[in-house]
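Chain and residue survey
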Amino acid sequence: MVSLFGTGDKVALFVLMSVVLVAVAAGAGVLERRNPPYGALVFAAGGVLALLAVTTRSGSGTLDGAPTVAGIAAAVVVLRLLLQRLRRWEDARAVPTAGPGGAGAVARRSFIRWTVTSAALAVVVGGASRIGSASLQAAAAVRRAVRLPQPATPAPPVPSGASLDVEGITPYVTPNADFYRIDTALRVPAIDPADWSLTITGEVDEEVELTWDELLALPLEEHMATLSCVSNEVGGDLIGNALWLGYPIRSLLARARPRAGADMVLSRSIDGFTAGTPLDVLQDEGTDALLAVGMNGDPLPAEHGFPARLVVPGLFGYVSATKWVTELEVTRFSRAQGYWTPRGWSERGPVKLESRIDTPVDGVTVAVGDRVPIAGVAWQPHTGVKAVQVKVGDADWQDAELADSVSADTWRQWVLRWTATKGRHEIQVRAVGADGEVQTSVQRPPAPNGATGWHGVTITAS
Ligand SMILES: Nc1nc2c(c(=O)[nH]1)N[C@H]1C(S)=C(S)[C@@H](COP(=O)(O)O)O[C@H]1N2
Ligand SMILES: [Mo]
């Protein structure tokens, strides 16, 4: 679904589920008419499956199955009522009393009225339950009421030189509303911070439990960091840069005192998702791995992990950035696996050196002689980028102008101002890491540990 629909995967999945449900329900109706009670049994079987799915979900309560039971009961009752009316109409039709006031017409209208009414009720109840979900509304209100403390260690202000004045370039800081979202949660978990806590378990000398109030009372730090997804294609937009407010994970781990031999932290989300992160990365003094509560000055948005998530500069999200995090289990790579590892993704996921052309966009036409800014972003979080080079057609690689570097943990804007010459040109970009690595031209797909290759666009000057 992800490779077909990208971030539209959830919508596509819901549409597909709806289509399948409508088809199954239609089949059940036909079956019940010919062969009662088999149609009702199809509903009952679907209900058992749904009930299993609901109750085996991580964090589900005893009453969570109630809507499913009520829904299936309603479905069976409606099926029976509608079929009763359908039969009356069919019986009336067999008796020839013609005319608009005849028994046939009355029975027909009754069947149609019941059908339309039950369909409308289903839409209203279903829609209202989603829009008006009490738990979601309550969670939104709780989030709005949260006041985050000032950081004990604020991030230095972003220098104006971190942003280049180029139309169409990706802003240095990604606004929360534009930040890409990737997760396996069909419904965003609604968590009241009052009920939330983080536990550190596993191979530790001392298990630690941290409540929301305890977390906010700690000296929090602010760090700018670029987060990216392993599924990002070359030139893709599953990447964003934000100012994170949180508490260093290394300090939490120091309280728990991991035992010798442990080499992985399996972070667990309330929705069952897990990520396996190397313990040494989380303990490293030079890596600002955070248990984050704030994003760009606000509490984490619900879709980005409210009330708390992990952010680890230099690692792809799937092995580090657990949202709605509730547990850090200290363990070993030989004993545990994160969610995506048995699904064909590497156990370790350092972010790769990459660069992207934001402007001009592929396929545009510019005027010969125009000064065209070729610009975009380049990144290798935690290593940093020291140069970006651009190649136009067969010309040599030219050094682009770089925006000021804010920290090695964030992406860097770049621009090359090029005077358009007549013809079609392929423009390519490559970055050079702060460690001297030159971005590889080898094209690899996202699986199993991140795409590589140069991003290119083709434009025409006439
Ligand atoms: N609970 C949970 N956390 C998760 C995921 C998830 O599916 N569930 N996906 C991870 C992946 S693959 C990425 S790339 C990042 C994306 O974070 P964002 O949605 O805030 O951009 O979250 C990570 N944290
Ligand atoms: Mo991801």
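This text goes with the structure placed above it.
Attention here is on the structure that accompanies the text. Quick caveat: nothing in here was measured; it's all calculated off a predicted structure. (Residues numbered from 1 in each chain as written. Chains lettered and ligands numbered in written order. Predicted model: local features only at pLDDT ≥ 70, side-chain atom pairs only at ≥ 80, totals over all residues. Heavy atoms only, no water.)

Thoughts on empty space enclosed by the protein
- Inspection of the entire model under this criterion finds 2 cavities of 30 Å³ or more.
- The volume enclosed by the largest cavity comes to roughly 90 Å³.
- Along its surface, the largest cavity is lined by Ser-228, Cys-229, Val-230, Asn-232, Glu-233, Phe-316, Val-351, Lys-352, Glu-354, Trp-379, Gly-450 and Ala-451.
- Both domains that meet at the lining of the largest cavity, namely domain 2 (160-343) and domain 3 (354-461), each give it at least three residues.
- As a volume, the second largest cavity reaches approximately 50 Å³.
- Lining the second largest cavity are Met-264, Gly-276, Tyr-318, Val-319, Phe-333, Ala-336, Gln-337, Gly-338, Trp-340, Thr-341 and Glu-347.
- Here the lining of the second largest cavity is composed, by residue class, of 6 nonpolar, 4 polar and 1 charged. (1 Å grid on protein atoms, 1.4 Å probe; cavity = no way out; pocket = protein on both sides within 12 Å on 5 of 7 lines; lining within 4 Å. Points joined across faces, edges and corners; volume = space filled by probe spheres on them. Domains from an automatic or database assignment. Nonpolar A, V, L, I, M, F, W, Y, C, P; charged D, E, K, R; others polar.)

Considering the pairing of strand S17 (residues 412-419)
- Most of S17 is tucked away, with 6 of its 8 residues classed as buried.
- Here strand S13 (residues 371-379) pairs with S17 via 8 bridges, running antiparallel. Across the sheet, the residue bridging to Ala-378 is Arg-412, located in S17.
- Relative to S17, strand S16 (residues 401-402) runs antiparallel, the two being bridged by 2 bridges. The residue bridging Leu-402 from the neighbouring strand is Trp-414, located in S17. (Buried < 20%, exposed > 50% of the residue type's maximum accessible area, 1.4 Å probe, protein only. Helix = DSSP H or I, 4+ residues; strand = E, 2+ residues; numbered from the N terminus. Pairing = 2+ DSSP bridges.)

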